Amino acid sequence: MVATVAFDTSALMMPVECDVRVFEELQRLVGDFDCVVPEAVRDELAKLSDGASEEAVAASVGADLADERCRTIEHEASYADDVLVELADEFDYVVTNDGPLKQRLLDAGAPVIHIRGRNKLAISKP
């Protein structure tokens with residue numbers, strides 16, 4: 001079975017900000033997966049990628065990863081976190097490095113993949 005894995009903005013910025021090999025870690029955790037990114041996440045990455053700060057570089061890399069490895073899902077909501085919570089039941093997992101979003105997703109019954117330790121990912125289930 002191929003797992004559907006949704007990414008938030010922080011997850012796509014992990015390779016630069018946290019030195020995490022996100023896609024390799026996901027393969028280790030869940031096996032084969034289909035990567036999806038809400039439009040609002042792509043929009044947020046585009047806004048954050050302006051400039052030369054470390055955050056801008058991380059967002060630019062995240063946007064490239066989303067373009068290369070993920071399919072985009074359309075939705076009505078404009079705030080990325082709200083989209084992920086609203087659509088959580090459509091995904092097998094949501095990847096995030098955002099503590100408040102992680103808690104919202106767990107409260108909504110969605111399994112969350114997040115950083116554990118220095119640069120490894122782990123799964124938390126509701």
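Residues numbered from 1 in each chain as written. Predicted model: local features only at pLDDT ≥ 70, side-chain atom pairs only at ≥ 80, totals over all residues. Heavy atoms only, no water.

1. Observations regarding the packing of aromatic side chains
Per the stated rule, a full pass over the model turns up two aromatic pairs. Between the aromatic rings of Phe23 and Phe33, the centroid separation amounts to 6.3 Å while the plane-to-plane angle is 15°, which identifies the pairing as stacked. Placement of Phe23 in helix H2 (residues 22–30) and of Phe33 in strand S2 (residues 33–38) is noted, with a sequence separation of 10 residues between them. Neither residue differs from the other here; Phe23 and Phe33 are each classed as buried. These aromatic residues form a ring-pair network of at least three members: Phe7, Phe23 and Phe33. Directly above the aromatic system of Phe23 lies the positively charged group of Arg69, at a separation of 4.0 Å from the ring centroid. (Phe/Tyr/Trp six-rings, centres within 6.5 Å; stacked < 30°, edge-to-face > 60°. Helix = DSSP H or I, 4+ residues; strand = E, 2+ residues; numbered from the N terminus. Buried < 20%, exposed > 50% of the residue type's maximum accessible area, 1.4 Å probe, protein only. Lys NZ or Arg CZ within 6 Å of the ring centre and 35° of its normal.)

2. Brief notes about the state of the cysteines
Inspection of every chain in the model, using the stated rule, returns one disulfide. Between the sulfur atoms of Cys35 and its disulfide mate Cys70 the distance is 2.0 Å. Note on the Cys35 and Cys70 pair: the S-S dihedral is about 55°, so by sign convention the disulfide is right-handed. Residue Cys35 is located in strand S2, and its partner Cys70 is located in the loop between helix H4 (54–69) and strand S3 (71–73); the two are separated by 35 residues in the primary sequence. Note on Cys18: no disulfide assigned, nearest cysteine sulfur contributed by Cys70 at a separation of 17 Å. (Disulfide = S-S within 2.5 Å.)

3. Quick notes on the nonpolar core
The nonpolar side chains of soluble globular proteins are, as a tendency, buried together. Counting 44 residues, the largest nonpolar core has Phe7 and Leu26 as the members making the most contacts within it. Contact partners of Leu26, with chain neighbours within four places excluded, come to Val5, Phe7, Gly31, Phe33, Val95, Ile113 and Leu121. (Core = buried A, V, L, I, M, F, W, Y, C linked by side-chain atoms within 4.5 Å. Contact = heavy atoms within 4.5 Å.)

4. Remarks on the sheet that holds strand S4 (residues 93–95)
Strand order in this open sheet of six strands is S3-S2-S1-S4-S5-S6, and the pairing throughout is mixed. Across the chains shown, the open sheet's two edge strands, defined by having one partner strand only, are S3 and strand S6 (120–124). Within the sheet, the average angular offset between the axes of one strand and its neighbour, ignoring direction, is 40°. Where strand S5 (residues 112–116) and S6 come together, five bridges link them in antiparallel fashion. Its bridge partner being in S6, Ile115 is matched across the sheet by Leu121. (Pairing = 2+ DSSP bridges. Axes fitted to C-alpha atoms, helices over the stretch in contact; angles between N-to-C directions.)

5. Focus: the pairing of S5
Counted residue by residue, S5 has four buried out of five residues, so it is predominantly covered. Where S4 and S5 come together, two bridges link them in parallel fashion. Across the sheet, residue Val95 finds its bridge partner in S5, namely Ile113. Linking two consecutive strands that pair antiparallel, namely S5 and S6, is a turn of three residues; a positive phi of about 75° is found at Gly117 within it.

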